[in-house]
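# Structural overview
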Amino acid sequence: MSGKFYVTTPIYYVNDIPHIGHAYTTVAADILARYNRLCGDDVFFLTGTDEHGQKVEEAAGNRGISPKKHADLMVENFSALWKKLLITNDAFIRTTDEAHVRTVQGILQMLWDRGEIERRPWKGWYCTPDERFWTETDLVEGNCPDCGRAVELIEEENYFFLMSKYQDRLMNYIKTNPEYILPEFRRNEVMGFLKSQTLGDLCISRPKLRLSWGVPIPFDEKFVTYVWFDALLNYFSATRYLAPKSGHGHPEKEAAKAYYNSKGEFWWPPDCHIVGKDILTTHAVYWSTMLMAMNLPLPKCLFAHGWWTVEGKKMSKSRGNVVSPNEMVERFGADALRYFLFREVPFGLDGNFSISALAGRINNDLANDLGNLASRALNMIVRYRNATVPSPGPEGKKESDLKAMAESIPDLVKNDLGKLRFNNALENIWKLVSLANKYIEDTAPWKLAKNPGDTERLNTVLYSVAESLRLLCINLAPFMPESMQNLWTRLGQEGELSQINLDDQSKWGILRPGTVVTKGEPLFPRIDMKTNNLNISNNSTASKDKEVSNRKQAESHLPGDDSKADNLITIADFAKVELKTGKILAAESIKKSKKLLRLDVDTGETRQIVAGIAMSYSPEKLLGKTVIVVTNLAPAKLFGIESQGMLLAVPGNDGGLTLLTTDKDAAPGAKVG
Ligand code: MSP
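### Structural notes on the overall build of the chain
Scanning the chain for helices and strands turns up 22 helices and 25 strands. Scaling as 2.2 N^0.38, a compact globule of 673 residues should have a C-alpha radius of gyration of about 26 Å, and the chain matches this with 28 Å. Considering only C-alpha atoms, the chain reaches an extent of 90 × 75 × 50 Å along its principal axes. A separation threshold of at least 6 residues defines the contact pool for the chain, and within that pool the share at least 24 residues apart is 75%. Within the chain, the 83 negative side-chain charges are centred at a point lying 2 Å from the centre of the 82 positive side-chain charges.

Below is the structure:
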């Protein structure tokens, strides 16, 4: 039985120029939407823009146009990019849509009538760039703890959503619904936060005098609602005026009117909200408690993905290293970029973007593995069977192995995509790519073609590779829709690949003998690593410059010789890094930091190290452990505490960090190398 699938991306600040981070979330949602459509589900895929707030008002003022006009112009950047990236969103919500504004006002009024909102005097430190208030104790050296910029003290009356009363209910909900917040280590982070802090009430208004560009509060015309309250409600308001009225390709259901009503009841709750790790708290805490107050069921899943860094550094306008998805699509194609983003790094962890890694994936996985498989198979059918798929003869062990592998893929992909493990899904599909390539090598059709006695055997082999390709097309369609449609057509298959039903098409043997195929150009042209500019160009910009987590991922393994060459260092480079064993003598948490611990480590002398491992280790678990320390790192201050070195760690299978240690006992201060 097929069901419904409602997936969302965050709504992007309209002031931003779209960068690779925005593309990442949106493509993830697109893969899920496309996949669920193929499964026969009714899909609602929502994305959009967040258009209210001080920054939009200011930017419009600087341009001498109205905020709405400014937003109308900026929104084009997103819609144009989504087209280029082959995004199939069913709707695009803008928080300036009249129907959204009305819904927000209706909900505000309802919560006010029910006593879920209160008016109170308010004093706080305000960070304008982040549009967030902080308490005195939150501040780090007098500045915003999130972005480090200056804050201003503001005193005024405001409206508060009484969030604090939902703290226990929220903790209980997260505990009893382990699939609600994913990945697991992020759920632990949210739980840790809720356990260690008393939840306050949420300030949801701004006086119009200070900010006029917002949704007016219906019961007090002197105020507008604060951006997050307005923004989060987009997920709900869209179900009331933007959601598809019938299932994808099911006009009979529309006729039955069972599908949709003006309250959006069919679509609620969302099946999956995809967000970046930086906005998990606003969703997991603000949004969840808002829904509790509204008496609405919570979304089924809130998935926080990691961030892309560039050559190990955070992306920022000032560094000039912001990756422009437009430029990447123009240079390498939408499908290649989509593939890279989801093959390279597990969704949920941070990843390192580099052109050499992208080009390495294109050359190795796409051009060599998949592209060659397709062109060899099609060329041989054209050459040996006049472009017509032959009837297969009897099936041997090699064919039954290939068939078993091909038929096992859809279940693996279903399981992986159900958990948003995009890279696992691609790895599983690649098992079929590899086996089909091996099958060609083992059966050597070019030899069979020389021997008239092998005619039937050659028919079997050619049929089997063509059928493998058809099944690859189906499984890869959500990831690389354009090239898979192209391959589908070359395989003589009619119509749109996006319209097929996965179940109907997943069995081996559906390809009809007699089908006429065509050769065509290489599906994925190779990237010449010598002539291609492997730098991230500096002409792209993005106006967002948020802090990236301290947790840097190790440089991903780059397949292929040429891409590795880009990454090589000399022994002299390596010798610059001084690594020693260290014994942990003391460990304690750092007030106000969820991630950091302060350690005393014996590396021959006792040194203080601030390590970002609090989410993975409790202080007592660390005492006496022998770890590996970078001892010649220039000291740095974190949360005002000097760190004299760095511990080495890797991402563990549990999603947290695992410290590197020694296999046998070793004295503190021993040189590693
Ligand atoms: N407007 C809010 C969201 C409101 S949702 C009700 C917002 N917008 S945003 O434009 O700043 O960010 C949108 C998304 O981009 C976030 O999920 C964020 O995590 C993501 N990314 C921003 N930089 C990123 C990377 N460098 N890498 C991956 N994703 C990143 O926040």
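### Some thoughts on the nonpolar core
F342, F353, F422, F479 and M480 are the most contacted members of the largest nonpolar core, which has 109 residues in total. For this core, the element with the most residues is helix 13 (residues 355-385), which contributes 14 residues. Each of domain 1 (4-162 + 201-268) and domain 2 (356-505) contributes no fewer than three residues to this core. With sequence-adjacent residues up to four places away left out, F342 is seen in contact with Y24, V27, A28, I31, F347, F422, N423 and L426. Core analysis: the second largest hydrophobic core is formed by 60 residues, Y13, V104, A231 and V275 among them.

### Some points on the sheet that holds strand 7 (residues 181-182)
Read across the open sheet, the six strands follow the order 3-2-1-12-13-7; overall the sheet is parallel. Every interior strand has two partners, whereas the edge strands, strand 3 (91-94) and strand 7, have only one. Relative to strand 2 (residues 42-50), strand 1 (residues 4-13) is paired through eight bridges, and the arrangement is parallel. Counterpart to Y12 in the pairing with strand 2 is T49. Packing against the sheet, helix 3 (residues 67-84) makes contact with strand 1, strand 2 and strand 3, and its axis sits at approximately 155 degrees to strand 3.

### Observations concerning the sheet that holds strand 15 (residues 313-314)
Paired through backbone hydrogen bonds, the strands of a sheet run either parallel or antiparallel to each other. The mixed open sheet is built from three strands, whose spatial order is 15-14-16. The open sheet has two edge strands with one neighbour each: strand 15 and strand 16 (351-353). In this structure, strand 14 (residues 308-310) lies alongside strand 15, joined through two bridges in antiparallel fashion. Bridge pairing links V310 to K313 in strand 15.

### A short note on the layout of surface pockets
As a volume, the second largest pocket reaches approximately 950 Å³. In terms of lining residues, the second largest pocket is bounded by 35 residues, among which L182, F303, K419, L420 and R421 are the most central. Residue composition of the lining of the second largest pocket, grouped by class: 17 nonpolar, eight polar and ten charged.

### Some words on the pattern of salt bridges
Taken as a whole, this structure holds 31 salt bridges when the rule is applied. D271 is the salt-bridge partner of K4, the closest N and O atoms lying 2.7 Å from each other. Of this pair, K4 sits in strand 1 while D271 sits in the loop between helix 9 (251-256) and strand 12 (272-276), placing them 267 residues apart in sequence. Look at K4 and you get buried, because its relative accessible area is 18%. D271 sits in the buried class, given a relative accessible area of 12%. Linking E51 and R94 is a salt bridge whose minimum nitrogen-to-oxygen distance equals 2.6 Å. You can see E51 sitting in the loop between strand 2 and helix 2 (54-63) and its partner R94 sitting in strand 3, a full 43 residues away along the chain. Accessibility expressed as a relative area gives 0% for E51, which makes it buried. Members of the salt-bridge network, linked through shared partners, are E51, K68, D72 and R94.

### Comments concerning the environment of W267
Position of W267 among the secondary structure elements: in the loop between helix 9 and strand 12. In this structure the C-alpha to C-alpha distance between W267 and F5, which are 262 residues apart in sequence, comes to 7.9 Å. Polar contacts involving the side chain of W267 include one to the main-chain carbonyl oxygen of P244, which spans 3.3 Å.

### Observations concerning the packing of helix 12 (residues 334-344) against helix 13
One way to put it is that helix 12 packs onto helix 13 with a least axis distance of 10 Å and a crossing angle of 100 degrees. It follows that helix 12 is roughly perpendicular to helix 13 by the angle criterion. Seen from helix 12, the contacting residues are A336, L337, Y339, F340, R343 and E344; seen from helix 13, they are A357, L358, R361, I362, D365 and L366.

### Considerations on the packing of helix 13 against helix 17 (residues 455-476)
Interaxial distance between helix 13 and helix 17 falls to 10 Å at its minimum, and their mutual angle equals 140 degrees. When the axes of helix 13 and helix 17 are compared, the pair comes out oblique. Helix 17 is crossed by helix 13, and the crossing has left-handed handedness. Facing helix 13, whose interface residues are L370, L373, A374, A377, M380, I381, Y384 and R385, helix 17 presents T455, L458, N459, L462, V465, A466, L469, L472 and L476. Across the contact of helix 13 with helix 17, the residue classes tally to 14 nonpolar, two polar and one charged.

### Let's talk about the domain arrangement of the chain
Under the domain assignment used here, the chain contains domain 1 (4-162 + 201-268), domain 2 (356-505) and domain 3 (550-659). Here the C-alpha centroids of domain 2 and domain 3 sit 44 Å apart.

### Some details on the state of the cysteines
Taken as a whole, this structure holds zero disulfides when the rule is applied. With no disulfide partner, C203 has as its closest neighbouring cysteine sulfur the one in C127, 15 Å distant.

### Remarks on unusual backbone geometry
Residue P183 is reached from L182 by a cis peptide bond, and omega for that bond is -5 degrees. Note on placement: P183 falls in the loop between strand 7 and helix 6 (184-196). Residues W268 and P269 are joined by a peptide bond in cis, for which omega reads 0 degrees. With respect to the helices and strands, the residue P269 is situated in the loop between helix 9 and strand 12. Here A387, not a glycine, exhibits a phi torsion of approximately 65 degrees, which is positive. Summarising the element assignment, A387 is placed in the loop between helix 13 and helix 14 (397-418).

About the cut-offs
Residues numbered from 1 in each chain as written. Predicted model: local features only at pLDDT ≥ 70, side-chain atom pairs only at ≥ 80, totals over all residues. Heavy atoms only, no water. Helix = DSSP H or I, 4+ residues; strand = E, 2+ residues; numbered from the N terminus. Rg over C-alpha atoms; globule rule 2.2 N^0.38 Å. Contact = heavy atoms within 4.5 Å. Lys, Arg positive; Asp, Glu negative; His and termini not counted. Charge placed at Lys NZ, Arg CZ, Asp CG, Glu CD. Core = buried A, V, L, I, M, F, W, Y, C linked by side-chain atoms within 4.5 Å. Buried < 20%, exposed > 50% of the residue type's maximum accessible area, 1.4 Å probe, protein only. Domains from an automatic or database assignment. Pairing = 2+ DSSP bridges. Axes fitted to C-alpha atoms, helices over the stretch in contact; angles between N-to-C directions. 1 Å grid on protein atoms, 1.4 Å probe; cavity = no way out; pocket = protein on both sides within 12 Å on 5 of 7 lines; lining within 4 Å. Points joined across faces, edges and corners; volume = space filled by probe spheres on them. Nonpolar A, V, L, I, M, F, W, Y, C, P; charged D, E, K, R; others polar. Salt bridge = Lys/Arg side-chain N within 4 Å of Asp/Glu carboxyl O. Polar contact = N/O pair within 3.5 Å; in protein donor to acceptor, adjacent residues only side chain to side chain. Parallel < 35°, antiparallel > 145°, perpendicular 65-115°, else oblique. Left-handed = near helix turned anticlockwise from the far one by under 90°. Disulfide = S-S within 2.5 Å.

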